[in-house]
Amino acid sequence: MPETSTAKILTTESGAPVADNQNSAQAGIGGPVLIQDQQLIEKLARFNRERIPERVVHARGSGAYGYFEVTDDVTPYTRANFLNTVGKRTEVFLRFSTVAGNLGAGDAVRDPRGFALKFYTEEGNYDLVGNNTPVFFIKDPIKFPDFIHSQKRDPFTGVQEADNVWDYWSYSPESLHQITWLFGDRGIPASYRHMNGYGSHTYQWVAADGAAYWVKYHFKTNQGVRSLDAGQAAELVGQDADSHQRDLHQAIERGIFPSWTVHVQLMPVAEAADYRFNPFDLTKVWPHADYPLHKIGRLVLNRNPDNVFAEVEQAAFSPNNFVPGIGPSPDKMLQGRLFAYADAHRYRLGVNHTQLSVNAPRATTAQNYGRDGLGAANTAGRAKNYEPNSYDGPRQTDQALAAPTAVHGWTGTHAALAHAKDDDFFQAGELYRLMSDGEKERLIANLAGSIGSVGRDDVVERVLPFFHAADADYGRRLQAAVEAIRNADEA
Ligand code: HEM
């Protein structure tokens, strides 16, 4: 028996002492168990309720706290308070993740990585919910559930099916840029510390004088980009499913704090309308030659969460958590996400998820008239629960949060606006042509391995022309590699 001490008495959840935590109560030695054993019943009942729904995507992840420090003056571009002084530090929480795998899935897999950042600013929490890729597979939010279904387990076979993955992509030419990125050398990061992060979408910055800019965020790892090839990843994931979690946790515990240099690209709003492709199209990057990187700060992770469930599993990021001086762009995908996340949190964590410590503001306090609901910890005491009121309750500021965006035209289900040079393939071709010979070879091998395992001929026939359209050499080499695999399978 462990020694008992008066200082630390085991109690029930109501605080009453527990007499025996090793033997449950019975009706006589060898007899049936008694329902009056509060410790037994409470323990079993709580255990049954330990899990909450996992995230529908990005279920598997790792998190850490740290800070963002402003290194360069950005006050000409945004009036965001946390960016207003060089040297200013803001506490952050960052959750990394894979996308398709369920909780417990392996870390070292070919999949985009989530890069979700919460800045605890003095003007409320700012969430920048990005990925380690500057682009995405689709450009309309109405496609997201179908796209994700095609990448996750099949409802009948219960496993991920290459046929589903490529069947969907064969109807989604705009995915080719992201596919080329994903099957290239950066597709399997060696760890979360060794990859870049991107805001991916275009956002809006507004300066104190009202000048507005479209902005894209880039987080460049100071550890260097390191990736795994397909063979190394297969070996690692078999040996250690938790490799990325282990790496991040151990590095921080040992005082090896990962950091990223943060840059932005800035486009004056007036330049968007005539830019040669749609600057709000999430399947495209802005070439640095057009919009160079401006360094703005440094992100450092230096503290592990004390409790993975409380702080990582219950972390809730919402792209609609902005602060004054930063706002959304008309990117349709972003607009869809402005709804989807807080809705997911209300389902998964409940309406009071913003009161959990990892999600609550830290540099300021939330003051509003939202009340009650399941799990309400902060009931705001005796304060009035309506507004306007004559009791000196919190009031609106009458200060616009972001700049207005001009709109025109008719309502309707429109495809994203195409500019003069818009098409689905040219940036995939540009990315391919940037690659070294070795990189091209590995890209072709990775793609051919995946497309070669597709069973249906029509899917393969639909998807290969996309690669030809991006670059003649890309298409020719991939077609030959896919045919070699399929012919060998038939032989
Ligand atoms: C319309 C398109 C999208 C929809 C509807 C969508 C929806 C969702 C939902 C419902 C979650 C789970 C949230 C939760 O339960 O906590 C999620 C997680 C996430 N999504 Fe998206 N997503 C979209 C596109 C994107 C894009 C383009 C990015 C990156 C640029 C992204 C990055 C993330 C990240 C990083 C997470 C995990 C956040 C965390 O660590 O808790 N998503 N998404």
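Residue numbers here run from 1 along each chain, matching the order of that chain's written sequence. Predicted model: local features are reported for residues with pLDDT of at least 70 only, side-chain atom pairs are reported and counted for 80 or more only, and whole-chain, interface and lining totals are derived from all residues.

Overview of the overall build of the chain
Here is the rule we go by: Secondary structure elements are defined from DSSP: runs of H or I of at least 4 residues count as helices, runs of E of at least 2 residues count as strands, and each element is numbered from the N terminus. In this scheme every C-beta is placed from the backbone, and a residue whose C-beta has 20 or more other C-beta atoms within 10 Å is buried, one with 12 or fewer is exposed, and one in between is partly exposed. Here contacts are defined at the residue level, using C-beta atoms placed from the backbone and a cut-off of 7 Å between them.
In terms of regular secondary structure, the chain is built from 12 helices and 10 strands. Dimensions of the chain, computed from the C-alpha atoms along their principal axes, are close to 80 × 70 × 50 Å. Scored against the burial criterion, the 491 residues of the chain give a buried share of 35%. The long-range share in the chain, meaning contacts at least 24 apart out of those at least 6 apart in sequence, stands at 74%.

Regarding the site of the ligand
Note the cut-off: By definition, a residue lies near a molecule or strand when the C-beta atom built from its backbone is within 6 Å of it.
Around the ligand lies a shell of 28 residues, among which H58, R95, G114, P141 and S200 are the nearest. Contributing elements (two or more residues each) for the shell around the ligand: β2 (89-98), β3 (113-121), β4 (124-131) and α8 (332-348). No other element matches α8, which puts eight residues into the shell around the ligand.

Some points on unusual backbone geometry
Following E387, the chain continues into P388 via a peptide bond in cis, with omega recorded as 5°. Relative to the assigned elements, P388 resides in the loop between α8 and α9 (426-434). A positive phi angle is found at D392, which is not glycine, with a value near 60°. Tracing the sequence through the fold places D392 in the loop between α8 and α9.

Things to note about α8
The test is simple: One less than the residue count of a helix, multiplied by 1.5 Å, gives the span that helix is expected to have.
Taking 1.5 Å as the rise per residue, α8 with 17 residues should run 24 Å; its terminal C-alpha atoms sit 25 Å apart, in good agreement. Within α8, burial applies to K332, M333, L334 and H345. Positioned one or two residues after α8, G350 has a phi angle of 100°, which is positive.

As for the packing of helix α2 (residues 144-151) against helix α3 (residues 162-169)
Heads up, the rule is: Between N-to-C directions, angles span 0 to 180 degrees; the directions come from axes that are lines fitted to C-alpha atoms, helices contributing only their stretch in contact. An angle below 35 degrees is read as roughly parallel, one above 145 as roughly antiparallel, one from 65 to 115 as roughly perpendicular, and any other as oblique. For this scheme, ten residues count as nonpolar: Ala, Val, Leu, Ile, Met, Phe, Trp, Tyr, Cys and Pro. Four count as charged, namely Asp, Glu, Lys and Arg, and the remainder, Gly too, count as polar.
It is the contact of α2 with α3, at a shortest axis distance of 7 Å, that shows an interaxial angle of 150°. Classified by the interaxial angle, the pair formed by α2 and α3 is roughly antiparallel. Together, D146, F147, S150 and Q151 of α2 and N164, V165, D167 and Y168 of α3 make up the contact between the two elements. Split by residue class, the contact of α2 with α3 holds three nonpolar, three polar and two charged.

Remarks on the domain arrangement of the chain
The condition is simple: What fixes the domain bounds is an automatic or database domain assignment.
Taken domain by domain, the chain consists of domain 1 (1-50), domain 2 (61-355) and domain 3 (426-490). Relative placement of domain 1 and domain 2: their C-alpha centres are 45 Å apart.

Focus: the environment of E161
Take E161: it is sitting in the loop between α2 and α3. E161 sits in the partly exposed class, given 19 other C-beta atoms within 10 Å. For the pair E161 and V454, spaced 293 residues apart in sequence, the C-alpha to C-alpha distance is 8.2 Å.

Quick look at the environment of V407
Assignment of secondary structure puts V407 in the loop between α8 and α9. Through-space distance from the C-alpha of V407 to that of S172 is 27 Å; in sequence the pair is 235 residues apart.

A word on the pairing of β4
The condition that has to hold: Strand pairing requires that DSSP identify at least two bridges connecting the strands.
Taking burial as the measure, the eight residues of β4 include seven buried ones, the bulk of the element. Alignment of β3 against β4, held across eight bridges, turns out to be antiparallel. From the neighbouring strand, K118 faces β4, where its bridge partner is D127. Counting the residues in the hairpin turn of β3 and β4 gives two residues.

Notes on the packing of helix α10 (residues 437-451) against helix α12 (residues 472-490)
To keep it simple, the criterion reads: Each crossing gets its handedness from the near helix: less than a right angle anticlockwise from the far helix is left-handed, clockwise is right-handed.
Relative to each other, α10 and α12 sit at 45°, their axes nearing to 9 Å. Here α10 lies oblique to α12, going by the angle between them. For the element pair α10 and α12, the recorded crossing hand is right-handed. Residues I444, A445, L447, A448 and I451 of α10 form the contact with α12, whose own contacting residues are R477, L478, A481, V482 and I485.

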